[in-house]
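The chain contents come next:
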There are 2 protein chains.
Amino acid sequence: MATEPTWSVGQLAQEFGISTRSIRFYEEKGLIKPARSNGGYRRYNKRDRARLKLILRGKRFGLSLEQCADILGLAAMEPDEAQQLRKALAYGQDIQADLERRLNDLKAMKREMQAVEKRMRERLAQLEGREPDAGKRAE
Amino acid sequence: MATEPTWSVGQLAQEFGISTRSIRFYEEKGLIKPARSNGGYRRYNKRDRARLKLILRGKRFGLSLEQCADILGLAAMEPDEAQQLRKALAYGQDIQADLERRLNDLKAMKREMQAVEKRMRERLAQLEGREPDAGKRAE
DNA sequence: ATTAACGTTAACGTTAGCGTTAAAGTAGCA
DNA sequence: TGCTACTTTAACGCTAACGTTAACGTTAAT
């Protein structure tokens with residue numbers, strides 16, 4: 001007879017390392033809608049928890065809450081019509097294309113950082129290997 | 001005798017699809033410092049242009065301007081001391097670790113989106129393949 | 001020399017994403 | 001039953017990253 005497990009704001013906040021204010025803010029913006037206890041306390045179930053997780057992951061790589069909301073909308077949708085489904089699919093592909101672009105940016109960024117690192121390492125080796133007044137190259 | 005090519009704010013703004021206000025804002029925050037014409041107009045050279053590019057790429061995947069500034073600082077630094085170099089290296093590695101985390105988040109996100117897409121496609125196939133009153137599953 | 005297109009600074013306005021505080025109610029344990 | 005920790009709504013505050021407007025100077029082409 002085990003009832004579904006639920007959590008309070010505070011518990012989720014602690015678990016995910018964010019403030020209760022943030023979680024309530026996501027609700028203000030329509031991203032989560034937890035049930036309420038008799039006294040009016042928010043009670044989050046597994047699905048609510050999963051949504052929160054998705055939001056946080058989205059935010060971690062720069063999605064706005066609005067974009068997160070869109071994705072949540074897709075994930076939660078109860079499709080009654082093929083039309084709607086097709087629209088959602090198209091939108092989902094836009095998002096995936098965006099993800100692809102971001103992934104490429106990320107990779108480019110990594111390459112640049114590695115190049116910078118290499119230059120720094122070389123220069124450091126020079127300094128430590130003693131080349132007192134050596135390198136004064138114009139770039 | 002070809003002088004270095006330079007650009008105006010407007011030209012760069014158009015090229016990169018952003019507002020001139022944004023570019024000037026980056027300057028306010030110390031991210032770029034273009035030369036000036038006699039009349040006081042900003043003239044951007046190749047290096048300025050490259051910096052702007054890096055900023056935009058950084059922003060595209062969620063870096064703050066401050067973080068972009070840090071990276072630009074690393075890239076542009078003229079290291080006089082091994083100490084400084086080592087600090088910069090350590091910082092650069094922090095950034096790379098962060099990039100790594102973001103990359104993983106991104107991949108997870110892609111997987112989820114693909115799962116959503118798959119579910120939608122299946123449902124769509126059902127609808128189009130005619131199963132009039134078939135599926136009414138509680139989740 | 002005029003003029004349209006572009007640029008300048010300065011200042012205020014706006015949106016997202018929370019932080020913070022206040023004033024009050026609730027949960028649950030001794 | 002009382003205590004303490006947690007929760008509620010409401011409202012104000014704050015920073016980043018620009019948008020917008022005003023009032024005015026510069027360029028470049030005709």
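Quick note: structure is the one above.
Notes on the structure in this doc start here. All of these numbers come straight from a predicted model, not from anything done at the bench. (Residues numbered from 1 in each chain as written. Chains lettered and ligands numbered in written order. Predicted model: local features only at pLDDT ≥ 70, side-chain atom pairs only at ≥ 80, totals over all residues. Heavy atoms only, no water.)

Looking at helix H1 (residues 9-16) of chain B
Residue and element names in this part refer to chain B.
Consideration 1: Inspection of H1 places Val9, Leu12 and Ala13 among the buried residues, and these make up the whole buried set. In a view along the axis of H1, the buried residues occupy a sector of 100°, so they form one face of it.
Consideration 2: Against helix H2 (20-28), strand S2 (42-43) and helix H3 (46-60) lie the buried residues of H1.
Consideration 3: Where H1 ends, the next residue or the one after it, Gly17, has phi of about 70°, a positive value. (Buried < 20%, exposed > 50% of the residue type's maximum accessible area, 1.4 Å probe, protein only. Helix = DSSP H or I, 4+ residues; strand = E, 2+ residues; numbered from the N terminus. Arc of directions from axis to C-beta. Contact = heavy atoms within 4.5 Å.)

Topic: the protein's contact with DNA strand C
Consideration 1: If you check the shell around DNA strand C, you find 19 residues, and the closest are Ser19(A), Ser22(A), Tyr41(A), Ser8(B) and Arg42(B).
Consideration 2: The protein-proximal atoms of DNA strand C, defined as those within 4 Å of the protein, are 68% sugar or phosphate.
Consideration 3: With respect to DNA strand C, the side chain of Arg24(B) contributes an N or O atom lying 2.9 Å from a phosphate oxygen.
Consideration 4: Interatomic distance of 2.8 Å between a side-chain N/O atom of Arg42(B) and a phosphate oxygen of DNA strand C.
Consideration 5: Only helix H2 (20-28) of chain A together with H1 of chain B provide two or more residues apiece to the surface near DNA strand C. (Near = heavy atom within 4 Å. Polar contact = N/O pair within 3.5 Å; in protein donor to acceptor, adjacent residues only side chain to side chain.)

A look at the relation of the copies chain A and chain B
Consideration 1: Of the transformation superimposing chain A on chain B, the axial component is 0.0 Å and the angular component is 179°, with the fit at an RMSD of 0.5 Å. Read as a symmetry element, the transformation amounts to a two-fold axis. In terms of C-alpha distance to the rotation axis, chain A has Gly62(A) as its closest residue, with the C-alpha 2.0 Å off the axis.
Consideration 2: When the interface residues of chain A are mapped onto chain B, 100% of them again fall at the interface, so both copies present the same face. (Least-squares fit on C-alpha atoms with pLDDT ≥ 70 in both.)

Notes on the nonpolar core
Consideration 1: Counting residues in hydrophobic clusters, the biggest one holds 49 residues, and the most contacted among them are Tyr26(A) and Tyr26(B).
Consideration 2: Other than its neighbours up to four places away in sequence, Tyr26(B) contacts Ile18(B), Leu31(B), Ile32(B), Leu52(B), Ile55(B), Leu56(B), Lys59(B) and Leu65(B). (Core = buried A, V, L, I, M, F, W, Y, C linked by side-chain atoms within 4.5 Å.)

Details of the pattern of salt bridges
Consideration 1: Tallied over the full model, the rule gives eight salt bridges over all chains.
Consideration 2: Arg42(B) is the partner of Glu27(B) in a salt bridge, and the nearest nitrogen-oxygen pair spans 2.5 Å. Here Arg42(B) lies in strand S2 and Glu27(B) lies in helix H2, a separation of 15 residues in the sequence.
Consideration 3: When its relative accessible area of 17% is taken as the criterion, Glu27(B) is described as buried.
Consideration 4: Where salt bridges share partners, they join Glu27(A), Arg36(A) and Arg42(A) into one cluster. (Salt bridge = Lys/Arg side-chain N within 4 Å of Asp/Glu carboxyl O.)

So yeah, pure geometry; function would need other evidence.
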